[in-house]
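The lines below spell out each chain.
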Amino acid sequence: MLEEFSSHLISWGDAMGLLKTVPAFQDYLATLGDKPIMGVLIGTGLTMLIQSSAAIIGILQGLYAGHLPDLQGSTPILLGSNIDTCITAVIAAIGSNIAAKRVAGAQVLFNVVVTVLFMILLVPFTSLMQWMEVHFKLTPAMTVAFATQAFEAAFLFVETCNEKYADKT
């Protein structure tokens, strides 16, 4: 029974492969560079659904390699997936005390603030990633990986600065 059921399931990679052949999906992804807020919402929603920002990054690598969204459209999806990485803390805090709810809320707020900061710097950031792609001869998958790591490094820097400021007050 279980084998029969699992034979009907398709993986996310297969689903994305099927979606890549749908012209409406291709057209929509091609316009994401002009709709960065929508990209953030898509990244957040997909990460909430799948519960894995790593899976979203993998899917995004495949889509970017297929030239569906450009880097300007891919980066907001990446940023949105980072917002939802704290959904586990939010879910865990639902039945917890007020302190746990405050910590989860602070984590969500911090991720949103850093994403907004990066959205302000979206054009220079994607220009830097495109420059790296050309000059270091990166594959599309590596470009998305570099963008992810650059964002995470900047996120860590902002978080460290925030902790140092909080310690002084």
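- In the annotation of an unreviewed UniProt entry, the protein chain is listed under the name Na+/Pi-cotransporter and assigned to Streptococcus infantarius subsp. infantarius ATCC BAA-102.
- As recorded by UniProt, the Subcellular location (unreviewed entry) comment attached to the protein chain reads in full: "Cell membrane".

Considering the overall build of the protein chain
Phase 1: Tallying secondary structure elements over the protein chain gives 10 helices and 0 strands in all.
Phase 2: When the helices and strands of the protein chain are listed from N to C terminus, the series reads α-α-α-α-α-α-α-α-α-α.
Phase 3: At a minimum sequence separation of 6, the contacts of the protein chain that also span at least 24 residues come to 68%.
Phase 4: Accessible surface, the protein chain as shown: approximately 10,100 Å² in total, 70% of it carbon and sulfur.

Let's talk about the nonpolar core
The nonpolar side chains of a soluble globular protein tend to be buried with one another.
Phase 1: Formed by 30 residues in total, the largest nonpolar core has its most connected members in Leu 29, Leu 63, Met 129 and Phe 151.
Phase 2: Not counting residues up to four positions away in its chain, the partners in contact with Phe 151 are Leu 79, Asn 82, Val 114, Thr 115, Phe 118 and Phe 125.

Quick look at helix α5 (residues 53–65)
Phase 1: The terminal C-alpha atoms of α5 lie 18 Å apart, and with 13 residues this matches the ideal 18 Å at 1.5 Å per residue to within 8%.
Phase 2: The set of residues buried in α5 consists of Ile 56, Ile 57, Ile 59, Leu 60, Leu 63 and Tyr 64. Angularly, the buried residues of α5 cover 165° about the axis, an arc narrow enough to put them on a single face.
Phase 3: With its phi angle positive at about 60°, His 67 sits one or two positions after the end of α5.

A word on helix α8 (residues 98–120)
Phase 1: Here α8 spans 33 Å end to end across 23 residues, near enough to the 33 Å set by a 1.5 Å rise per residue.
Phase 2: Every buried residue of α8 is listed here: Ala 104, Phe 110, Asn 111, Val 114, Thr 115, Phe 118 and Met 119.

Some words on the confidence of the model for the protein chain
When pLDDT drops low, the exact placement of atoms in the prediction is not to be read closely.
Phase 1: Summing up the model confidence of the protein chain, the mean pLDDT is 83 and the portion of residues at 70 or higher is 85%.
Phase 2: Summarising per-element confidence for the protein chain, the mean pLDDT is lowest in helix α1 (residues 2–7) (49) and highest in helix α9 (residues 122–135) (95).

Considering the packing of helix α4 (residues 36–50) against helix α6 (residues 71–83)
Phase 1: As a packed pair, α4 and α6 sit with axes 6 Å apart at the nearest point and diverge in direction by 45°. Judged on the interaxial angle alone, α6 and α4 are oblique. Pair α4 / α6 crosses with right-handed handedness. In this structure, α4 contributes Pro 36, Gly 39, Val 40, Gly 43, Thr 44 and Thr 47 to the contact, and α6 contributes Pro 76, Ile 77, Gly 80, Ser 81 and Ile 83.

Conventions adopted
- All residue numbers refer to positions counted from 1 along the written sequence of the respective chain.
- With the structure being a predicted model, the display of local features is reserved for residues of pLDDT at least 70 and the display and counting of side-chain atom pairs for 80 or more, all residues being used for whole-chain, interface and lining totals.
- Side-chain metrics rest on all non-hydrogen atoms present in the structure, leaving aside hydrogens and water.
- UniProt positions are given in the numbering used here, feature names are shortened, and annotations may be inferred rather than shown by experiment.
- Elements are defined by DSSP. Helices are runs of H or I of four residues or more, strands are runs of E of two residues or more, and each kind is numbered from the N terminus.
- Working rule for contacts: check all heavy atoms of both residues, and any pair within 4.5 Å makes them a contact.
- Surface exposure here means Shrake-Rupley accessible area, sampled with a 1.4 Å probe, where a residue is shielded only by the protein chains that are shown.
- Among buried residues, those of type Ala, Val, Leu, Ile, Met, Phe, Trp, Tyr and Cys that are joined through side-chain atoms within 4.5 Å constitute a nonpolar core.
- Between buried and exposed lies partly exposed: a residue is buried under 20% and exposed over 50% of the maximum accessible area for its type, with that area taken using a 1.4 Å probe on protein chains only.
- Every helix has an expected span of 1.5 Å times one less than the residues it contains.
- In this context, the arc is that of the directions from the helix axis out to the C-beta atoms.
- Residue-level confidence of the predictor, termed pLDDT, takes values from 0 up to 100.
- Every angle, taken between N-to-C directions, lies between 0 and 180 degrees, and every axis is a line fitted to C-alpha atoms, over only the stretch in contact when it is a helix.
- Here is the rule for angles: anything less than 35 degrees is roughly parallel, anything more than 145 is roughly antiparallel, 65 through 115 is roughly perpendicular, and the remaining ranges are oblique.
- Should the near helix be turned counterclockwise from the far one by less than a right angle, the crossing is left-handed, whereas a clockwise turn marks it as right-handed.

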